[in-house]
Amino acid sequence: AQSVTQPDIHITVSEGASLELRCNYSYGATPYLFWYVQSPGQGLQLLLKYFSGDTLVQGIKGFEAEFKRSQSSFNLRKPSVHWSDAAEYFCAVVIEANAGKSTFGDGTTLTVKP
Amino acid sequence: KAGVTQTPRYLIKTRGQQVTLSCSPISGHRSVSWYQQTPGQGLQFLFEYFSETQRNKGNFPGRFSGRQFSNSRSEMNVSTLELGDSALYLCASSPGQMNTEAFFGQGTRLTVV
């Protein structure tokens, strides 16, 4: 079965600093990959997605992610973090055999220091 | 377009009772998925319906069930509630094809006392 690992449970960065959140997946073929953000008590908002093609994808709010097949990774980055980016971030995969089922990582909580 | 609507937003139930949660997907979307989110287990897939048929199912006991209507609206039901069923239940809708993303509702916060 596919799995998603987000190694960092909690990350703290200073406002204006760069950010990288890690995501690794385990699956034989290339799955479809997603990053979501969740504010407390809210649903999930899609930041970006990778289906195929260019391995560097741009998303909303200045986020980008790079798919590296050799490392089975899909890390999320932002060059300059804003205080409003504080939230929980989830990486997710969908495989072709289960089009309607997303498998999520455990999430990374981002704290932004002023 | 209106987003995914989940009702109610908050619910308090007693152990042993049953509960029904509702999800109205984005207009035109034929797939509805349900997820349970808890601090200990994270986001776990419950089931997915596509055109009124259950297409995928997660590893939850039979107390958890769902259905989808012809207008794509979906309900999930939990019978004989347990304290451990307290969670945020999230619904997501998508057109249903492989290369499309899911759009999530705000969730229903269920508390079992």
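See the structure shown above.
Residues numbered from 1 in each chain as written. Chains lettered and ligands numbered in written order. Predicted model: local features only at pLDDT ≥ 70, side-chain atom pairs only at ≥ 80, totals over all residues. Heavy atoms only, no water.

Examining the pattern of salt bridges
Stated precisely, the cut-off is as follows: For this document, the term salt bridge refers to a Lys or Arg side-chain nitrogen within 4 Å of an Asp or Glu carboxyl oxygen. Buried means the residue's accessible area, taken with a 1.4 Å probe over protein chains only, is under 20% of the maximum for its type, while exposed means over 50%, and partly exposed covers the values in between.
Scanning the model with the defined rule gives ten salt bridges over all chains in all. The partner of B:R73 in a salt bridge is B:E75, and the shortest N-O contact between them spans 3.3 Å. Residue classification places B:R73 among the partly exposed positions, given a relative accessible area of 24%. Counted as one network, the salt bridges with shared partners bring together A:E64, A:E66 and A:R77.

Remarks on the environment of A:P31
Put simply, the rule reads: Working definition: helices are DSSP H or I runs of at least four residues, strands are E runs of at least two. Numbering for both runs from the N terminus. Note on contacts: a residue pair qualifies if any of its non-hydrogen atoms lie within 4.5 Å across the two residues.
Take A:P31: it is sitting in the loop between β4 (24-26) and β5 (32-38). Setting aside residues no more than four positions away along its own chain, A:P31 makes contact with A:Y25, A:Y50, A:V93, A:V94 and A:I95.

Describing the state of the cysteines
Keep this limit in mind: A pair of cysteine sulfur atoms is labelled a disulfide when the two atoms are within 2.5 Å.
Per the stated rule, a full pass over the model turns up two disulfides over all chains. In this model A:C23 forms its disulfide with A:C91; the gap between the sulfur atoms is 1.9 Å. Taking the torsion about the S-S bond as the criterion, the A:C23 to A:C91 disulfide, at about -65°, is left-handed. On the criterion of sequence distance, the pair formed by A:C23 in the loop between β3 (19-21) and β4 and A:C91 in strand β10 (residues 87-94) is long-range, its members being 68 residues apart. Each member of the pair, A:C23 as well as A:C91, is classed as buried. Put simply, B:C23 and B:C91 are joined by a disulfide, and their sulfur atoms are 1.7 Å apart.

Regarding the interface of chain B and chain A
Contact with chain B, which involves 20 residues of that partner, is made by 21 residues of chain A. The interface formed by chain B and chain A contains one salt bridge. Its salt-bridge partner being B:E101, residue A:K49 comes within 2.8 Å of it at the nearest N-O pair. Secondary-structure elements contributing two or more residues to the side of chain B that touches chain A are β4 (31-38), β5 (42-50), β6 (53-57) and β9 (87-94) of chain B.

A short note on the nonpolar core
As a reminder of what qualifies: Residues grouped as a nonpolar core are buried Ala, Val, Leu, Ile, Met, Phe, Trp, Tyr and Cys residues, joined through side-chain atoms within 4.5 Å.
If you look at the biggest cluster of nonpolar residues, it comprises 26 residues, and the most contacted ones within it are A:W35, A:L48, A:F74, A:L76 and A:Y89. Listing elements by their share of this core, those giving two or more residues are β2 (10-14), β3, β5, β6 (44-50), β8 (64-68), β9 (73-78), β10 and β12 (108-113) of chain A. The dominant element in this core, judged by the number of residues it contributes, is β10(A), at four residues. Among the nonpolar cores identified, the runner-up in size contains 21 residues, and B:I26, B:L46, B:Y49 and B:L81 belong to it.

A short note on the side chain of B:T108
All names here are of chain B. The criterion, for reference: Identification of polar contacts relies on pairs of N or O atoms within 3.5 Å, with a donor-acceptor requirement for protein atoms, meaning one able to donate a hydrogen and the other able to accept it, and with residues adjacent in sequence counted only if both atoms are side-chain atoms.
The topology assignment puts T108 in strand β11 (residues 108-112). From its side chain, T108 meets the backbone oxygen of P8 in a polar contact 2.5 Å long. Apart from residues lying up to four places away in sequence, T108 is in contact with Q6, T7, P8, R9, L21, A87, L88 and Y89.

Focus: the sheet that holds strand β1 (residues 5-7) of chain B
All names here are of chain B. Just so we agree on the cut-off: We call two strands paired when DSSP finds no fewer than two bridges between them. Think of each axis as a best-fit line through the C-alpha atoms, taken over the contacting stretch in the case of a helix, with angles from 0 to 180 degrees between the N-to-C directions.
Taken in spatial order, the four strands line up as β1-β3-β8-β7 in an open sheet, and their pairing is antiparallel. The sheet is open, and its two borders are formed by β1 and β7 (64-68), each paired with just one other strand. Mean inter-strand twist for the sheet, computed between neighbouring axes without regard to direction, equals 15°.

Some details on the packing of aromatic side chains
Aromatic ring pairs are described here by two measures, namely the spacing of the ring centres and the angle between the planes. Basically, it comes down to this: To pair, rings of Phe, Tyr and Trp, with the six-membered ring standing in for Trp, must have centres within 6.5 Å; the planes then decide the type, stacked if under 30 degrees apart, edge-to-face if over 60, and tilted in the middle.
Under the definition given, this model contains 16 aromatic pairs over all chains. Ring geometry for A:Y36 and A:F104: centres 5.8 Å apart, planes at 50°, overall tilted. In this pair, A:Y36 sits in strand β5 while A:F104 sits in strand β11 (residues 103-104), placing the two residues 68 residues apart along the sequence. For the pair A:Y36 and A:F104, a shared accessibility class is recorded, and that class is buried. Between A:F104 and B:Y35 the ring centres are 5.5 Å apart and the planes differ by 90°, which places this aromatic pair in the edge-to-face class.

As for the environment of B:F104
Relative to the elements of secondary structure, B:F104 occurs in strand β10 (residues 103-104). Given the relative accessible area of 11%, B:F104 is considered buried. Measuring from C-alpha to C-alpha, the distance between B:F104 and B:G84 comes to 23 Å, with 20 residues separating the pair along the chain. Not counting chain neighbours up to four residues away, the residues in contact with B:F104 comprise A:Y36, A:L44, A:F104, B:V4, B:Y35, B:L90, B:C91 and B:A92.

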